[in-house]
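The chain contents come next:
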Amino acid sequence: MADVAVRGTGTAPPRRPRRARRLRTLSGVDRLTVVLMVAIPTLVVAGLVWGPAIATVALSFTDWNGIGSLGDINLVGWQNYENATSNYPPFAPAMEHNLIWLVVFFLGPTLLGMLLAVMLDRELKGSQIYQSIFFMPVVLSLALVGFIWQLIYSRDQGLLNTVLGTQTDWFGDPDINLWAVLVAAGWRHTGYIMLLYLAGLKAVDPALREAAAVDGAGEVRTFLQVVWPVMRPVNIVIVVITVIESLRAFDIAWVINKGRNGLELISTLVTQNVIGEASRVGFGSALATIMIAISTVFIIVYLIQVMREQRR
């Protein structure tokens, strides 16, 4: 009767409280799997990244030459850093070359990569073919890029000298070899930036562009006032990548002349001192620590920006 009365009033009967679902406990195999999934990547990163980095910083305060036991290592404090900045002639040119590398990468390949991405984002005919052509150098290592451009820059049988009818030693002349190498390295970097920026453009909401078009904004104004602010996270990533690529430039300079005769870079100086004839591990570690410190500044700026974006 009560059920009939409830139906007659049109009121649904009170629901019974559901029992709390029991959380399924992990079995021994599941726990072992989770531990291995966390522990193995952690150990790999610690062993291949953090361990060597910490060891490099520690060795930079010693005079170790790589020979003998660890008990023979002597602490010398900041002496390696003082020698690098005041008594090591290649250090100043290497810092200057790395700075030139950074500026040229920003003003050349980075801006060109962005321009190519903007053009390819307009769905031009054959854009997929163009993307493949521009991206092809990215899959090549800088060492291989160096070998390829040696064929172009060769003094006797190089393509460039054949076309120009000259006998210029593009990689041997210390006055111009840095700029020749920057062209070769920029050839690869342009495709990398194009890919990153094109991916960012594809993620932009089309409604933003449609709203700007309705308001009468042209393509340039739409890009500068609508698309560019939305691309801020991608721009930060590109800045950080360009800085790191400029600092760790090594392969192509080492392939050409082992970073000498106008191609001095911090990375090549590190290699020359750590595994070269001098075998000054402590001094080379100090140079590597300087590279780590400069890179860390930009990485911290990037992380701060990422965390700010996540809080919004």
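Look up a bit, the structure's there.
Residues numbered from 1 in each chain as written. Predicted model: local features only at pLDDT ≥ 70, side-chain atom pairs only at ≥ 80, totals over all residues. Heavy atoms only, no water.

Chemist: Is there a simple way to think about the layout of surface pockets in this case?
Modeler: Using a probe with the size of a water molecule, rolled over the atoms, empty space left in the structure can be pinpointed. What the largest pocket holds in volume is close to 550 Å³. Elements supplying a minimum of two residues to the lining of the largest pocket: helix H2 (28-59), helix H11 (232-247), helix H13 (266-274) and helix H14 (281-311). Among the elements that make up the lining of the largest pocket, the one with the highest residue count is H2 (seven residues). Looking at the lining of the largest pocket residue by residue, the classes come out as 14 nonpolar, five polar and one charged. In this structure, the second largest pocket spans a volume of roughly 400 Å³. Sorting the residues of the lining of the second largest pocket by element identifies helix H4 (91-120), helix H9 (206-214) and helix H10 (219-230) as the ones contributing at least two each. For the lining of the second largest pocket, the leading source of residues is H10, giving six residues. (1 Å grid on protein atoms, 1.4 Å probe; cavity = no way out; pocket = protein on both sides within 12 Å on 5 of 7 lines; lining within 4 Å. Points joined across faces, edges and corners; volume = space filled by probe spheres on them. Helix = DSSP H or I, 4+ residues; strand = E, 2+ residues; numbered from the N terminus. Nonpolar A, V, L, I, M, F, W, Y, C, P; charged D, E, K, R; others polar.)

Chemist: Teacher, can you tell me more about H11 here?
Modeler: Spanning 16 residues, H11 covers 23 Å between terminal C-alpha atoms, matching the ideal 22 Å at 1.5 Å per step. Packed against the buried residues of H11 are H4, helix H8 (177-202), H10, H13 and H14. (Expected span 1.5 Å × (residues − 1). Contact = heavy atoms within 4.5 Å.)

Chemist: Just to check I follow, could you spell out empty space enclosed by the protein for this structure?
Modeler: The final tally for this structure, using the stated rule, is one cavity of 30 Å³ or more. Approximately 60 Å³ is the volume found for the largest cavity. Along the walls of the largest cavity sit Trp101, Phe105, Leu142, Ala185, Arg188, His189, Glu245 and Ala249, which together make up its complete lining. Those elements giving two or more residues to the lining of the largest cavity turn out to be H4 and H8. Of all the elements, H8 adds the most residues to the lining of the largest cavity, at three residues. For the lining of the largest cavity, the residue count by class is five nonpolar, one polar and two charged.

Chemist: Help me understand a nonpolar patch on the surface in this model?
Modeler: A cluster of nonpolar side chains, Leu32, Leu36, Ile40, Val44, Val45, Leu48, Val49, Trp50 and Ile54, forms an exposed patch at the surface whose accessible area comes to about 910 Å². Tracing the backbone shows Val45 in helix H2. Relative accessible area serves as the criterion here: at 39%, Val45 is assigned to the partly exposed category. (Patch = residues over 30% accessible without salt bridge, like charges linked within 9 Å, V, L, I, M, F, W, Y side chains within 5 Å. Areas by Shrake-Rupley, 256 points an atom, 1.4 Å probe, with all protein chains shown as cover. Salt bridge = Lys/Arg side-chain N within 4 Å of Asp/Glu carboxyl O. Buried < 20%, exposed > 50% of the residue type's maximum accessible area, 1.4 Å probe, protein only.)

Chemist: What should I look at first to understand the pattern of salt bridges in this one?
Modeler: Two side chains bearing opposite charge may form a pair once their charged atoms approach each other closely. In this structure the tally under the stated criterion is two salt bridges. Across the salt bridge formed by Asp121 and Lys202, the nearest N and O atoms sit 3.5 Å from each other. Taken as a pair, Asp121 in the loop between H4 and helix H5 (127-135) and Lys202 in helix H8 lie far apart in primary sequence, 81 residues in all. Asp156 is paired through a salt bridge with Arg155; the nearest N and O atoms lie 3.9 Å apart. Overall, Arg155 belongs to the partly exposed group, its relative accessible area being 41%.

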